[in-house]
There are 2 protein chains.
Amino acid sequence: MKISDLSTPAALVDLAKMERNITRMQSRMDSLGVNFRPHVKTSKCVEVTQAQIKAGARGITVSTLKEAEQFFAAGITDILYAVGITANKLPQALALMRKGCDLKVLTDSVQSAAAIAAFGLANDIRFKVMIEIDTDDHRSGIKPESAQLLEVAQALSVGGTELYGVMTHAGSSYDLNTPEALAEMAEQERSGCVLAAQRLRDAGFACQVVSVGSTPTALSARQLEGVTEVRAGVYVFFDLVMHNVGVCTTDDIALSVLTTVIGHQEEKGWAIVDAGWMAMSRDRGTQKQTTDFGYGQVCTLDGEPVEGYVMTGANQEHGIISRPDHPDLSIAKRFPVGTQLRILPNHACATGAQFPEYQALNRHQTVQTWPRFYGW
Amino acid sequence: MKISDLSTPAALVDLAKMERNITRMQSRMDSLGVNFRPHVKTSKCVEVTQAQIKAGARGITVSTLKEAEQFFAAGITDILYAVGITANKLPQALALMRKGCDLKVLTDSVQSAAAIAAFGLANDIRFKVMIEIDTDDHRSGIKPESAQLLEVAQALSVGGTELYGVMTHAGSSYDLNTPEALAEMAEQERSGCVLAAQRLRDAGFACQVVSVGSTPTALSARQLEGVTEVRAGVYVFFDLVMHNVGVCTTDDIALSVLTTVIGHQEEKGWAIVDAGWMAMSRDRGTQKQTTDFGYGQVCTLDGEPVEGYVMTGANQEHGIISRPDHPDLSIAKRFPVGTQLRILPNHACATGAQFPEYQALNRHQTVQTWPRFYGW
């Protein structure tokens, strides 16, 4: 099948770009001497994840137990569920482990740690548990220097669990946009997580794994002493937010939405396309960054950016394409009805999630359909 | 099954509220003397749509041909595809019609009108076509007084099509928030669409159907003289955007996301829940309205709003619950780990779309799973 045979909107993955992104990250991790555990919440697609593993990834990171189930069913066993687990999800985790999944779970509270331990004891199984560390005030986790760190480790020492390691995610790296600031954040992420591991070891606890990562810090760290593994997700496709952060160019963005021009409002300089926010997602992640791409950057069918044209507005199934700086009153001539365009997304994780499948475009310009899943 | 048996996050539909919303709209349409054709893009769920039809709806409106296919497969034949159709989608529309679907399609350009007519002639079928009218400068459509209106009608007069009527959608009603302004917009929508119909009839064209609507204007119109049918979608669930527009209360909102507290950052006054933007959607529709609800209004498990607490931040699978006016440093006591909450969404169409199924909660507090579909 060729691009022109696809019905629109469709989620296109440029395989050459994806492979280049995978190679770039894996080579970097290899040269930094750490394992790489990609976060597969970005693609939720077995074929994409297999390409990451083929390139050298060791295990995967997931954001839901459904991802764990789906990827385990596809033959991947080494899985980190990187969202703090609560008691109500433990039976689902147990069922996976009983089937042979080497699942690791996460906690940042004494209460949840105690619940995991009690559940493990009651079910005669040993949960591998990581403690979540907060190295950037961004979201969850325990501060590396907090007394709570040792309390959680203690709660995990009563049987039913094995303290497997520490992990952190410097999500605030998304707010930065200079190489220096990114390198500093990567070092803050590394040193905080290593400190937490050291404090655990000093107190007599084992702490085998020290896991850090986000796409910006993974691509910016100068050294990763004390770190054993890195996680990153969105690098596999990249997107306009990452372009604004400064860790990729628009030419690296492997995911785009194929769309068709369905009409115009000529006097406003609008072309209207059949990809609205249902296709692009409502993510406006570039809104507060240095370049606001609206709902996405317009490219030709071949994938070349059309300078200055973005999706300035979106309804559920309508997107408005225009030139924000000064309206193009000839837009109907430039993009007549029926023209096919590609739109680069703000946020690949959010845009991919709107589609039941990717259209994987190879070097011969033919497409293959790769299913992806959603839900919980 | 009871709410407490559900894994989280889950999309809950309160059936009593949904039925009340359906009855309110249908009664209003009955008393205004018009047909009602609900827009089912909000729910994409057969059971919800059947409830609308049972209450008196005549036909449905869809935003994708996939919706048309799915609802036709469920036995609904009278379907309006309310997004301008282009040549590449005509074979799919034809296939539906050949199976017996009474499909109506839409256009606002001479070029597309001519393409539909040529395709109809070539396939010996007669497409029922509506002309889209722009009554509020919001999106697509032809101005009621434009010369182009008659040109499109002319392009539809060569065989292969039947000019079925005119339709408009005053989407800019979402930007208003007083009864007076909404009533004025409803009148603008009505009078513009009726004018377009009159111009067509004066020029000798048949124009059987005059179709208008959006949830705010449908609920605000004082009279609908000359209108034959009204369309509205989000009223079936309502949401916080509609609350801010002023056409519902929070107590009318039938859709909410069930979530579990998974942790805290106590010194910041944060509770962290397992519903992030993947569950809520990235829709921040209340951001520019008089009350900004962040990613949603926090309610107890019973559905009672907890005044002042909203989802102030969201990552993919993490939501941050806090009190924006002044942090609640006792939030861990108020919402301990394991607490279940419901979050009212900004935009029901966007939030529903994140879930493969609804959990329909009846008066006996038991839930039934209702599938919904997505994609194109």
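Since this is a predicted model, take the numbers as computed values, not measurements.

A. Local environment of the sheet that holds strand 5 (residues 102–107) of chain B. Residues and elements named next belong to chain B. Taking strand neighbours across the sheet as the criterion, the eight strands line up as 2-9-8-7-6-5-4-3 in an open arrangement whose pairing is parallel. In the strand order of this sheet, the two ends are held by strand 2 (35–36) and strand 3 (60–62), each with one partner. Pairing geometry for strand 5 and strand 6 (residues 127–133), over four bridges, is parallel. Each bridged residue has a counterpart across the sheet, and for T107 the counterpart in strand 6 is I131.

B. Focus on helix 2 (residues 46–54) of chain A. Residues and elements named next belong to chain A. Among the residues of helix 2, those classed as buried are V48, T49, A51 and Q52. Down the axis of helix 2, the sector holding all buried residues measures 155°, keeping them to one side. Phi turns positive, to about 130°, at G56, one or two residues after helix 2.

C. Geometry of the packing of helix 3 (residues 65–73) of chain B against helix 4 (residues 90–98) of chain B. Residues and elements named next belong to chain B. Running from N to C, helix 3 and helix 4 cross one another at 15°; their axes reach a closest spacing of 10 Å. One way to sum up the angle between helix 3 and helix 4 is to call them roughly parallel. The handedness of the crossing between helix 3 and helix 4 comes out as left-handed. For the pair helix 3 and helix 4, the contacting residues are L65, K66, A68, E69 and F72 in the first and Q92, A93 and L96 in the second. Looking at side-chain class alone, the contact of helix 3 with helix 4 contains five nonpolar, one polar and two charged residues.

D. Region of the structure containing the interface of chain A and chain B. The interface is formed by 57 residues belonging to chain A together with 57 residues belonging to chain B. With both chains or domains summed, chain A and chain B bury close to 4,800 Å², and 52% of this area falls on carbon and sulfur atoms. Together, A:R139, A:Y374 and A:W376 form the three largest contributors to the area buried by chain A at its contact with chain B, with a combined 18%. On the surface where chain A and chain B come into contact, there are six salt bridges. Between B:R282 and A:D283 there is a salt bridge whose closest N-O contact spans 2.7 Å. Taken together, the links from chain A to chain B amount to 26 residue pairs in polar contact (both at pLDDT 80 or more). The set of elements that each furnish at least two residues to the side of chain A that touches chain B consists of helix 5 (110–122), strand 10 (255–265), strand 11 (270–273), helix 10 (277–280) and helix 12 (348–352) of chain A. Of the residues in the side of chain A that touches chain B, the class split is 19 nonpolar, 23 polar and 15 charged.

E. Focus on the environment of A:Y295. All names here are of chain A. Here Y295 is to be found in the loop between helix 10 and strand 12 (297–299). We classify Y295 as buried; its relative accessible area is 11%. The spacing of Y295 and M311 is 16 residues in sequence and 5.0 Å in space, taken between C-alpha atoms. Those residues in contact with Y295 that lie beyond four places of it in its chain are W277, M280, S281, R282, D283, R284, M311, G313, A314, I343, L344 and N346.

F. Structural detail: the domain arrangement of chain A. Residues and elements named next belong to chain A. Per the domain assignment, the segments making up chain A are domain 1 (16–235) and domain 2 (250–371). In this structure, domain 1 and domain 2 have C-alpha centres spaced 34 Å apart. Taken together, the contact pairs 16 residues of domain 1 with twelve residues of domain 2. For the pair domain 1 and domain 2, the two sides together bury roughly 1,200 Å², of which 51% comes from carbon and sulfur.

G. Local environment of the nonpolar core. Formed by 231 residues in total, the largest nonpolar core has its most connected members in A:M18, A:I131, B:M18, B:F127 and B:I131. Once residues within four sequence positions are removed from consideration, A:M18 is found in contact with A:V13, A:V48, A:A51, A:V236, A:F237, A:A254 and A:W370.

H. Representation of the relation of the copies chain A and chain B in the model. When chain A is fitted to chain B, the best match, at an RMSD of 0.0 Å, comes from turning it 180° and sliding it 0.0 Å along the axis. Each copy turns onto its partner about a two-fold axis. If distances are taken from each C-alpha of chain A to the rotation axis, the shortest is found for A:R282, at 2.4 Å. The fraction of interface residues of chain A whose copies in chain B are also interface residues reaches 100%, indicating that both copies meet through the same surface.

I. Broad picture of unusual backbone geometry. In the segment running from A:T8 into A:P9, the intervening peptide bond is cis, with an omega of 0°. Summarising the element assignment, A:P9 is placed in the segment before strand 1 (10–14). Residue B:D124 is not a glycine yet carries a positive backbone phi of 55°. Considering the arrangement of structural elements, one finds B:D124 in the loop between helix 5 (110–122) and strand 6. The exposure class of B:D124 is exposed, given its relative accessible area of 72%. Phi angles above zero are rare outside glycine, and B:D137 is one such case at about 60°.

J. The sheet that holds strand 4 (residues 78–81) of chain A, seen in detail. Residue and element names in this part refer to chain A. The eight strands are arranged 2-9-8-7-6-5-4-3 in an open sheet whose pairing can be described as parallel. Two strands bound the open sheet, and with one partner strand each, they are strand 2 (35–36) and strand 3 (60–62). Pairing analysis gives seven bridges linking strand 6 (residues 127–133) to strand 7 (residues 161–168), with the strands arranged parallel. Opposite F127, over in strand 7, you have T161 as the bridge partner.

K. Highlighting helix 4 (residues 90–98) of chain A. Residues and elements named next belong to chain A. Within the span of helix 4, buried status applies to L90, A93, L94, L96 and M97. Seen along its axis, helix 4 keeps its buried residues to an arc of 160°; they face one direction. Directly after helix 4, the chain includes G100, whose backbone phi takes a positive value near 115°.

L. Spotlight on the pairing of strand 13 (residues 305–314) of chain B. Residues and elements named next belong to chain B. Where strand 12 (residues 297–299) lies against strand 13, two bridges are found, and the strand directions are antiparallel. Within strand 13, the position partnered with Q297 by the bridge is V310. As consecutive antiparallel partners, strand 12 and strand 13 are separated by five residues, and within that stretch G303 has a phi angle of approximately 95°, a positive value. Here four bridges tie strand 13 to strand 14 (residues 319–322), and the two strands are oriented antiparallel to one another. Across the sheet, residue A314 finds its bridge partner in strand 14, namely G319. Hairpin connection from strand 13 to strand 14: four residues lie between these consecutive antiparallel strands.

M. Spatial organisation of the pairing of strand 15 (residues 340–344) of chain A. All names here are of chain A. Most of strand 15 is tucked away: five of the five residues are buried. Burial along strand 15 is two-sided: the residues Q340, R342 and L344 and L341 and I343 are all buried. Here four bridges tie strand 10 to strand 15, and the two strands are oriented antiparallel to one another. Pairing of T260 across the sheet is with Q340, part of strand 15. Across three bridges, the pairing between strand 12 and strand 15 is antiparallel. Residue pairing across strands places C299 opposite R342, the latter belonging to strand 15.

Each value, and the rule that gives it
Residues numbered from 1 in each chain as written. Chains lettered and ligands numbered in written order. Predicted model: local features only at pLDDT ≥ 70, side-chain atom pairs only at ≥ 80, totals over all residues. Heavy atoms only, no water. Pairing = 2+ DSSP bridges. Helix = DSSP H or I, 4+ residues; strand = E, 2+ residues; numbered from the N terminus. Buried < 20%, exposed > 50% of the residue type's maximum accessible area, 1.4 Å probe, protein only. Arc of directions from axis to C-beta. Axes fitted to C-alpha atoms, helices over the stretch in contact; angles between N-to-C directions. Parallel < 35°, antiparallel > 145°, perpendicular 65-115°, else oblique. Left-handed = near helix turned anticlockwise from the far one by under 90°. Contact = heavy atoms within 4.5 Å. Nonpolar A, V, L, I, M, F, W, Y, C, P; charged D, E, K, R; others polar. Buried area = accessible area lost by both parts, 1.4 Å probe. Salt bridge = Lys/Arg side-chain N within 4 Å of Asp/Glu carboxyl O. Polar contact = N/O pair within 3.5 Å; in protein donor to acceptor, adjacent residues only side chain to side chain. Domains from an automatic or database assignment. Core = buried A, V, L, I, M, F, W, Y, C linked by side-chain atoms within 4.5 Å. Least-squares fit on C-alpha atoms with pLDDT ≥ 70 in both.

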